[in-house]
Amino acid sequence: MYIESLLKKLSSKSVMERKKAIRDISSYLGHREGYLARLSLHYISLHDPCYTVRNTARQAFYKAGIEPAEDAVWDKTYLF
């Protein structure tokens, strides 16, 4: 599945590869089943060590017309 490979690229050591993965995965934000993309980008926007990557993830939400959820519950998802 293509989205799985994009999610794996979000944990790359390369900043450029993470930014490219964010740009690619942001096309899934508007989809009804895009919860995994939204959750992943929200996590990256809060916890990535690089400011540029965090900012790119936040901008992806605003470009899609969606605001990141303030009450995302990570321990109940078992994704990270």
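For the structure itself, look to the data block above.
We now turn to the structure provided with this report.

Things to note about the environment of Lys20
So, step 1. Looking at the element boundaries, Lys20 is found in helix H2 (residues 15-25).
So, step 2. Remark: the alpha-carbon pair of Lys20 and Leu10, spanning 10 residues in sequence, is separated by 8.8 Å.

Some points on the environment of His42
So, step 1. Residue position: His42 is located in helix H3 (residues 35-47).
So, step 2. Residue His42 is classed as buried on the basis of its relative accessible area of 8%.

Describing the pattern of salt bridges
So, step 1. Scanning all chains against the criterion turns up 2 salt bridges.
So, step 2. Asp48 serves as the salt-bridge partner of Arg18, at 3.1 Å between the closest nitrogen and oxygen. Placement of Arg18 in helix H2 and of Asp48 in the loop between H3 and helix H4 (51-64) is noted, with a sequence separation of 30 residues between them.
So, step 3. Accessibility expressed as a relative area gives 7% for Arg18, which makes it buried.
So, step 4. By relative accessible area, which is 7% here, Asp48 ends up buried.
So, step 5. The partner of Lys20 in a salt bridge is Asp24, and the shortest N-O contact between them spans 3.0 Å.

Notes on the packing of H2 against H4
So, step 1. At a minimum axis distance of 10 Å, the contact between H2 and H4 shows a crossing angle of 5°. Considering their axes alone, H2 and H4 lie roughly parallel with respect to each other. Residues Val15, Arg18, Lys19 and Ile22 of H2 pack against Thr52, Val53, Thr56, Ala57 and Ala60 of H4.
So, step 2. Tallied by class, the residues present in the contact of H2 with H4 amount to 5 nonpolar, 2 polar and 2 charged.

Quick look at the nonpolar core
So, step 1. Membership of the largest hydrophobic core comes to 16 residues, with the highest contact counts inside it found for Leu10, Ile22, Ile25, Leu29, Leu41 and Ile44.
So, step 2. Those elements that provide at least two residues to this core are helix H1 (2-9), H2, H3 and H4.
So, step 3. The biggest single contributor to this core is H4, with 4 residues.

Basis of the calculations
Throughout this description, residue numbers start from 1 for each chain and increase along the sequence as written. Given that the model is predicted, a residue must reach a pLDDT of at least 70 before its local features are reported, and side-chain atom pairs must reach 80 or more before they are shown or counted; all residues, however, enter totals for whole chains, interfaces and linings. With hydrogens and water stripped out, all remaining heavy atoms of the structure feed into the side-chain values. Under the scheme used here, helices are H or I runs from DSSP no shorter than 4 residues and strands are E runs no shorter than 2 residues, and both carry numbers assigned from the N terminus. When a residue's accessible area, from a 1.4 Å probe over protein chains only, is under 20% of the maximum for its type it is buried; when over 50% it is exposed; and in between it is partly exposed. The term salt bridge refers to a side-chain nitrogen of Lys or Arg lying within 4 Å of a carboxyl oxygen of Asp or Glu. Throughout, an axis means a line fitted to C-alpha atoms (over the contacting stretch in the case of helices), and angles, computed between N-to-C directions, take values from 0 to 180 degrees. Here is the rule for angles: anything less than 35 degrees is roughly parallel, anything more than 145 is roughly antiparallel, 65 through 115 is roughly perpendicular, and the remaining ranges are oblique. Between two residues, a contact is recorded if the distance between any of their heavy atoms is within 4.5 Å. Throughout this entry, Asp, Glu, Lys and Arg are counted as charged residues, while Ala, Val, Leu, Ile, Met, Phe, Trp, Tyr, Cys and Pro are counted as nonpolar. The remaining residues, Gly among them, count as polar. Throughout this description, the term nonpolar core refers to a set of buried Ala, Val, Leu, Ile, Met, Phe, Trp, Tyr and Cys residues connected via side-chain atoms within 4.5 Å.

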